[in-house]
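Breakdown of the fold
Given next are the chains, with one letter for each unit.
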Amino acid sequence: GAVVSQHPSWVICKSGTSVKIECRSLDFQATTMFWYRQFPKQSLMLMATSNEGSKATYEQGVEKDKFLINHASLTLSTLTVTSAHPEDSSFYICSARDEQAGGYNEQFFGPGTRLTVL
Amino acid sequence: QQPVQSPQAVILREGEDAVINCSSSKALYSVHWYRQKHGEAPVFLMILLKGGEQKGHDKISASFNEKKQQSSLYLTASQLSYSGTYFCGILGGYQKVTFGTGTKLQVIP
């Protein structure tokens, strides 16, 4: 199957700093990628849809100025958590769909990034 | 609008069977099933499409009832490796997937 990578796999930062997380599709192109956040023992909640060459679309309740998304190429989307605070500590996961794979809309997930804000 | 899964948690002995249910308040066009191990990203198991088409795992099966807006995942002859949290995902507009509440499955020897 298609492979999605994320970097870094974990990060610890001080409150008030910004953190950038990268999501790459390694063997396919993705015009659309998705960013999720997962708190402990909870389900994955979609934060935003990253669109190559255009602005991201955010889910209700997600601050677009705090979670900056850039989808600069067909294989790379980045999520920047600006002025991070302890409540932003979470597991961030990206996914992408292999649009050449036919009509199944199967999503492939990156390994996730564990963010801890002190 | 998050799909509701049942049961929330289940413990099985190796070799036993389990059924995980997923109910949606919205009409279903396709249902995805994923398994997530602790600290890892979800791994795709299966997709069910309206009309009965399936793509997925050899040892796991699922059903899709469009009328009842429900899907069920069937795990037979469970193995220790089946342990994890199972999520259903409902495909919506713009290819977005809304994940269910999750079912934690633990298989013990």
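Above this text sits the structure in question.
Residues numbered from 1 in each chain as written. Chains lettered and ligands numbered in written order. Predicted model: local features only at pLDDT ≥ 70, side-chain atom pairs only at ≥ 80, totals over all residues. Heavy atoms only, no water.

What follows concerns the overall build of chain B. Within chain B, the regular secondary structure consists of 0 helices and 11 strands. Mapped in sequence order, the helices and strands of chain B form the string β-β-β-β-β-β-β-β-β-β-β. Its C-alpha atoms give chain B a radius of gyration of 13 Å, near enough to 13 Å, the size a compact globule of 109 residues would have. With the C-alpha coordinates aligned to their principal axes, the bounding extent of chain B is approximately 40 × 25 × 20 Å. Evaluated residue by residue, chain B yields a buried proportion of 43% over its 109 residues. When contacts within chain B are restricted to residue pairs at least 6 apart in sequence, long-range pairs at least 24 apart make up 55% of them. If you sum the accessible surface of chain B, you get close to 5700 Å²; carbon and sulfur atoms cover 49% of it. (Helix = DSSP H or I, 4+ residues; strand = E, 2+ residues; numbered from the N terminus. Rg over C-alpha atoms; globule rule 2.2 N^0.38 Å. Buried < 20%, exposed > 50% of the residue type's maximum accessible area, 1.4 Å probe, protein only. Contact = heavy atoms within 4.5 Å. Areas by Shrake-Rupley, 256 points an atom, 1.4 Å probe, with all protein chains shown as cover.)

Looking now at the overall build of chain A. Within chain A, the secondary structure is distributed over 0 helices and 11 strands. Reading the secondary structure of chain A in the N-to-C direction produces β-β-β-β-β-β-β-β-β-β-β. Its C-alpha radius of gyration of 14 Å places chain A within 12% of the 13 Å reference for a compact globule of 118 residues. Principal-axis analysis of the C-alpha atoms gives chain A an extent of 45 × 30 × 25 Å. Sequence separation of at least 24 residues holds for 55% of the intrachain contacts in chain A that already meet a minimum separation of 6.

For the structure shown, the criterion picks out 2 disulfides over all chains. Between Cys23(A) and Cys94(A) runs a disulfide, and the two sulfur atoms are separated by 2.0 Å. What sets the handedness of the Cys23(A) and Cys94(A) disulfide is the S-S torsion sign, and at about 80° it is right-handed. Placement of Cys23(A) in strand S3 (residues 19-25) and of Cys94(A) in strand S9 (residues 90-97) is noted, with a sequence separation of 71 residues between them. Like Cys23(A), the residue Cys94(A) is buried in the burial classification. Here Cys22(B) engages in a disulfide with Cys88(B); their sulfurs sit 2.1 Å apart. Because the torsion about its S-S bond is 70°, the bridge between Cys22(B) and Cys88(B) counts as right-handed. Here Cys22(B), found in strand S3 (residues 18-23), pairs with Cys88(B), found in strand S9 (residues 84-91); they are 66 residues apart in sequence, far enough to count as distant. Assessed through its relative accessible area of 1%, Cys22(B) is described here as buried. (Disulfide = S-S within 2.5 Å.)

We now examine the environment of Pro8(A). All names here are of chain A. With respect to the helices and strands, Pro-8 occurs in the loop between strand S1 (4-7) and strand S2 (10-13). Residue Pro-8 is classed as buried on the basis of its relative accessible area of 17%. Once the C-alpha coordinates of Pro-8 and Gln-42 are considered, the two residues, 34 residues apart in sequence, prove to be 22 Å apart. Filtering out sequence-adjacent residues up to four positions away, Pro-8 remains in contact with Lys-20, Ile-21, Gly-112 and Thr-113.

Next up on the list: the packing of aromatic side chains. Inspection of every chain in the model, using the stated rule, returns 9 aromatic pairs over all chains. Ring geometry for Phe67(A) versus Tyr92(A): centroids 6.4 Å apart, planes at 40°, classification tilted. Here the residue Phe67(A) occupies a position in strand S7 (residues 67-73), and Tyr92(A) occupies one in strand S9, the gap between them amounting to 25 residues. Tyr92(A) sits in the buried class, given a relative accessible area of 0%. Here Phe109(A) and Tyr34(B) contribute two aromatic rings whose centre-to-centre distance is 5.2 Å and whose plane-to-plane angle is 85°, an arrangement assigned as edge-to-face. With Phe109(A) in strand S10 (residues 107-109) and Tyr34(B) in strand S4 (residues 30-36), this pair bridges two chains. Across this residue pair, the class does not change: Phe109(A) and Tyr34(B) are buried. Aromatic ring contacts, followed pair by pair, group Tyr36(A), Phe109(A), Tyr34(B), Phe44(B), Phe87(B) and Phe99(B) into a single cluster. (Phe/Tyr/Trp six-rings, centres within 6.5 Å; stacked < 30°, edge-to-face > 60°.)

Right, let's talk about the side chain of Ser50(A) for a bit. By secondary structure assignment, the location of Ser50(A) is in strand S5 (residues 45-51). The residues contacting Ser50(A), other than those within four sequence positions of it, are Thr31(A), Thr32(A), Met33(A), Trp35(A), Ala56(A), Ile69(A), His71(A) and Ser77(A).

All quantities given are derived from atomic positions and should not be read as evidence of function.
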